Structure formats: structure tokens, C-alpha cells
Amino acid sequence: MSNFKSLFLNIMLERGFYNQCTNDDGFDAYLYECEKSGKPAVGYLGSDPTGDSLHVGHIVPLMMMRWFQKCGHKPLTLVGGATARIGDPSGKDKLRPFLDEETLQHNIKGLKKSFSKFLKFGDGANDAQMVDNWDWFKDINYLSFLRDIGTYYSVNRMLTMDSVKTRLEREQPMSFLEFNYMLLQGYDFCQLYNTYGCRAQIAGSDQWGNITSGTELGRRKYDVELFGFTSPIITDSNGKKMGKSEGNAVWINEEKLSSYDYYQYFRNIGDAEVGKCLRIYTDLPMDEVRRLEALKDKEINEAKKILAFEATKICRGEAEAIAAQNTAIQTFEQGEAGGNLPTIDVPSIEGLPVIDAFLQLGFVASKGEARRLIKQAGLKLNDAPIVDENYKLSAADLVNGQVKLSQGKKKHGLIKQAS
RNA sequence: GGAGGGGUGGCAGAGCGGUCAAAUGCAACGGACUGUAAAUCCGUCGACUUCGGUCUACGAAAGUUCAAAUCUUUCCCCCUCCA
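Residues numbered from 1 in each chain as written. Chains lettered and ligands numbered in written order. Predicted model: local features only at pLDDT ≥ 70, side-chain atom pairs only at ≥ 80, totals over all residues. Heavy atoms only, no water.

(A) Structural detail: the overall build of chain A. Assigned secondary structure in chain A consists of 18 helices and 13 strands. Going through the 419 residues of chain A one by one, you find that 50% of them count as buried. A sequence separation of at least 24 residues applies to 71% of the contacts in chain A between residues at least 6 apart. If you sum the accessible surface of chain A, you get close to 19,500 Å²; carbon and sulfur atoms cover 50% of it. (Helix = DSSP H or I, 4+ residues; strand = E, 2+ residues; numbered from the N terminus. Buried < 20%, exposed > 50% of the residue type's maximum accessible area, 1.4 Å probe, protein only. Contact = heavy atoms within 4.5 Å. Areas by Shrake-Rupley, 256 points an atom, 1.4 Å probe, with all protein chains shown as cover.)

(B) View of the packing of helix α13 (residues 274-281) against helix α14 (residues 286-293). α14 packs onto α13 with a crossing angle of 160 degrees between their chain directions and a minimal axis gap of 9 Å. Between α13 and α14, the interaxial angle falls into the category roughly antiparallel. Relative to α14, α13 is oriented so that their crossing is right-handed. Residues G275, L278 and R279 of α13 touch α14, and the partners they reach there are M286, V289, L292 and E293. For the contact of α13 with α14, the per-class residue count stands at four nonpolar, one polar and two charged. (Axes fitted to C-alpha atoms, helices over the stretch in contact; angles between N-to-C directions. Parallel < 35°, antiparallel > 145°, perpendicular 65-115°, else oblique. Left-handed = near helix turned anticlockwise from the far one by under 90°. Nonpolar A, V, L, I, M, F, W, Y, C, P; charged D, E, K, R; others polar.)

(C) Examining the pairing of strand β9 (residues 343-346) more closely. Across the two faces of β9 the burial differs, with I344 and V346 buried and T343 and D345 not buried at all. Relative to strand β13 (residues 411-417), β9 runs parallel, the two sharing four bridges. By the bridge assignment, T343 is partnered in β13 with L414. (Pairing = 2+ DSSP bridges.)

(D) Just the protein's contact with RNA strand B, in detail. Near RNA strand B, the surroundings consist of 32 residues, among which Q264, N268, D271, K298 and R372 are the closest. Between RNA strand B and the protein, one listed contact pairs a base nitrogen with a side-chain N or O atom of N301 at 3.4 Å. Take the surface near RNA strand B: its biggest share by element is five residues, from helix α18 (residues 367-375). Across the surface near RNA strand B, the residue classes break down as seven nonpolar, 11 polar and 14 charged. (Near = heavy atom within 4 Å. Polar contact = N/O pair within 3.5 Å; in protein donor to acceptor, adjacent residues only side chain to side chain.)

(E) Up close: the pattern of salt bridges. All told, the structure shown has 20 salt bridges when counted by the stated rule. With a closest N to O distance of 3.3 Å, K70 and D283 form a salt bridge. With K70 in helix α3 (residues 59-70) and D283 in the loop between α13 and α14, this pair connects stretches of sequence that are 213 residues apart. The salt bridge partner of K313 is E310, with a shortest N-O separation of 3.7 Å. Linking K313 with E310, this pair stays in helix α15 (residues 300-316), spanning three residues, or about one helical turn. Given the relative accessible area of 30%, K313 is considered partly exposed. Under the relative-accessibility criterion, E310 is labelled buried at 14%. (Salt bridge = Lys/Arg side-chain N within 4 Å of Asp/Glu carboxyl O.)

(F) Region of interest: the environment of P353. Tracing the backbone shows P353 in the loop between β9 and α17 (354-361). Along the backbone, P353 and N390 are 37 residues apart, and their C-alpha atoms lie at a distance of 6.5 Å. Among residues more than four places away in sequence, those in contact with P353 are Y391 and K392.

(G) Up close: the sheet that holds strand β5 (residues 200-204). The strand order β1-β6-β5-β2-β3-β4 describes an open sheet built from six strands, whose pairing is mixed. A strand with exactly one partner marks an edge of an open sheet, and here the two such strands are β1 (20-21) and β4 (129-132). Bridge count for β1 against strand β6 (residues 227-231) is two bridges, and the pairing is antiparallel. Bridge pairing links Q20 to T230 in β6. Its contacts with the sheet put helix α11 (residues 208-222) on β1, β5 and β6, and the angle it makes with β6 is roughly 170 degrees.

(H) Local environment of empty space enclosed by the protein. With the rule as written, the count across this model stands at two cavities of 30 Å³ or more. Space inside the largest cavity adds up to approximately 80 Å³. Around the largest cavity, the lining residues are Y152, Y153, S154, R157, M158, M161, M182, S213, E216, L217 and R220. Elements represented by at least two residues in the lining of the largest cavity include exactly α7 (155-159) and α11. At four residues, the largest contribution of residues to the lining of the largest cavity is made by α11. Within the lining of the largest cavity, the residues separate by chemical class into six nonpolar, two polar and three charged. (1 Å grid on protein atoms, 1.4 Å probe; cavity = no way out; pocket = protein on both sides within 12 Å on 5 of 7 lines; lining within 4 Å. Points joined across faces, edges and corners; volume = space filled by probe spheres on them.)

(I) How the structure looks around the environment of N253. Relative to the elements of secondary structure, N253 occurs in the loop between β8 (248-249) and α12 (259-267). Residues N253 and R316 lie 63 residues apart in sequence; the distance between their C-alpha atoms is 8.2 Å. Sequence-distant contacts of N253, defined by excluding residues within four places in its chain, comprise D52, S53, L54, G110, K113, S114, K117 and R316. Here the side chain of N253 touches G110 through a polar contact of 3.1 Å, landing on its backbone oxygen.

(J) Main features of the pairing of strand β2 (residues 42-47). Burial within β2 is extensive, with five of its six residues counted as buried. Alignment of β2 against strand β3 (residues 74-79), held across six bridges, turns out to be parallel. The residue of β3 that forms the bridge with G43 is P75. As for the winding sense of the linkage, the β-α-β connection from β2 through α3 to β3 is right-handed. One ladder, built from two bridges, connects β2 with β5; its direction is parallel. (Right-handed = clockwise from strand over helix to strand, strands pointing away.)

So, in C-alpha cells, the structure goes:
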């Protein structure tokens, strides 16, 4: 399997996106054929609109799609308007909450936004396109669905699928509703094949069961070979999934997370992850990746900066990436109060208790927490630890018309006095 | 429908009348050491506080008691087995 002919699969392999494929040679041949003839292959990536933005944990398949498109193929992004009304049992112990129509619409809009940061949408031959499975499920008739699709599924087989099996083994409840999820996803795949000629599905490895559900349905019902391709689940050296920072998801959409924080997330990645992340989260050529990941000790920080910059650039645009980088350099390397830090404006700084200022910046959840942090020397005012928890700000604290507040070593913010 | 077992802090999971703002583990946060890394060590981890305390919390509501997460009743939800 190391001798792929298609550009796409070679890239996947080289950059660490390759986990499992329903048929290596077949998929490779199909892609190669498409790449050679200039006729785009069509592949899809599904996601459920359970939130209004994707986060870093979703980037892996997104980047795969991005490469897919770069190789000249056409990506479809499927939002599960219908399946979200059911809930995917994979990897979950509990039934998912149902969403009302309004949130659903809101979420779909947010997802489209997330997708469009990584993929080019439009009407061109290999432009990405957004589809919603609600379109074909909303009018479906239960009996005909059972008859047309249900006949192709064996319950015996379904019971052996991981998503179902683990749930049963752990004696976690699983409703019939969820049990049907894989039929719906299988149907999605075939539906996309029928209307768009889509023959490939790309996803994280946890979707394997759902993918094969589709490829098998395709083979049985339409006599076509569909391909499934999965990425490994990317974890850090502790085996934790990527994508959480301070317990919060690192969001793709800027209204959920500032570009500076996005940048910082990648800047603070562990040493062991640098190479992996460069391959996966950036478009940098492999030569460059290899050079950067070879860096050791202090030098590896250079690699991290590039990683953070490149990753931010893809998601937030070059201007934002530069701004985030500058802010980081100013705050961390020059110890100045950079321009892009979280800022609050107050009419007058005079007499404002520091504790309240931290509260307003959102660095602390309560005054008690602020007091605690002060006792632990965790809060700083213009880089000097605060000793008096009742300290009130005054004009004397202003530096260039602003006050720099820090929590710990990494969180910095500014208070500006309206002039 | 019947019989049993449950619902405790971000999660997992003890407690089963006062000493419980609630063990322990994980996660998280601060500090030290460093490189805005990892590992390690120390500390913190409901809210408010004039630091004496005050308030809100153990599914929901009512009750017993000087005193309830702990007992009683009703309700809601979940699980297991049987039909």
C-alpha cells in the first residue's frame, strides 16, 4: 500500500492522514483515473449540526478534504440535518439531546462557515458544495424505506459493529432510533452517489462502521463500489484527543474564539506533537516540515511559531495570523502589552478594584477565584505580581494609556481608559 | 403492566441523621523548574465576605427532626429483569 499512484493518497500517506481504506488499490485506481483524465472525483465529508462551529478536533477530515480538492477533486460537505434529529451512537454512551429547528438552522449556517475556511465553495467543476440530508429524508416514507433499504441490512451484522457492540457490552442503553443511524448514513452515501456521482467518503476512524454501511449498501443495491477512507484519531502524547484548550474547545469560527487564542493553541502544542501537527494542520511542503520537526530543544519553538502561524492562516486568514503572531511576539518576547490582547474599555480607571478588572476580562470566574490567585501570586498588574487583593487601580498604573493584566504566564489582557 | 436498583460538585464515584461545601480519582487552575514544551514537585479547586462569618448546593416538591445529601410521602427521570 505504499505504492499509490494517485496524488491524493500519496499525500494522505505522507502526511499521516491515512488510517484505513475500504479498498486501497481500488480507491487509488479510481482517483488516479480521475486525476489523469482531469475529471474530478467526488467525495464527501459528513458532520452533524450539533454545534454552530466546528473545532480543532474536526480539522483532520477537513484538511483531508482540502487536499482532496487541491488534487483536483470535488468535495461535498454533508450536514446531517436529518441525522442530527436522531443522534450518532458512535463513541457515545448516552442518547444525544434533540435539537429544535431554530438551533439546527443556526448550526448549519455556522458549519458552512467553518467548512468554507478550508474548502472553496462555488459552481466550478471541483468547487465544494454543501448538501443537507434533510432534503432527502424529510419526505421519506417509513414503509418504503424499510422495504428499499432495510432489506439490505442484516441485524446480525449490525450487532457486531463497534458502535453497537461496545454500547451493548458496556450495558449502556441504545434505542432503536439510534440503531437506525447507520442505515441513514448508508443511505446518505448512496443518495450522494446517485445525485452527484459521489464515490468516496472521508471521515475520522470512528465513522468506520457508518462508512461501511454505505459502501455495502452501494454494492448490494446499486452494484457500485463506493470507497471509504478514514483518518486516525489525532491525540497528543498523553493520548488525549486534540482540540481542547483549558477545557474549552478550540473553535474554528472567529466569533467563538479569537484568532489570538487560536494561534496560541498551536503555539503551545507539546514538543512531541510538532511534526505530526505540521503535517496535518498546515499546507507546508514536506521538505519544510521535515526540516522543522528536526529542530530540538529551544529551537523547536521556531517550529511551533511556524505551525501556529500557518494553522491560523488557513483558518483565519493571513492578516489575522500576522496580527496574532505580532501580539504573541510583543507579549511574550518583548514583554510589552501587545495590541491584539483581549481588552476592556472603562470610562475611568481611577478606583477600579483589580479584582473587578479581572472579572470583567473573564480571566476569573469569581472574586473568590481572583483572591485565591492573588494569594498564589498568579495575577499580575503590569507584569508585577499583585499582593493586595483589595488593590484599586489608579492613574499611576497607566502605561501608555493602558494597564496590562495577566493571569498566569499565558493569559494577558488590557484595560484601557476611554480618553 | 409487575419486581428490583438508581439519580451527589466539569466527569467518575464515596457518603446514608449532626464533626458534610461533601472522601478519593481524573480533569482544570496557580506557583517552582524550563523553552509560552513535556515530566516532576508544591499549592488551589461552590458563591459572597468588613476574613469573624453569611448564603446557595447532593433529581423536584412537601414533611419528620433542635439538626437531613442522609428518614417519610408524592412527583419527574434513568437502568436491570419479567410480561
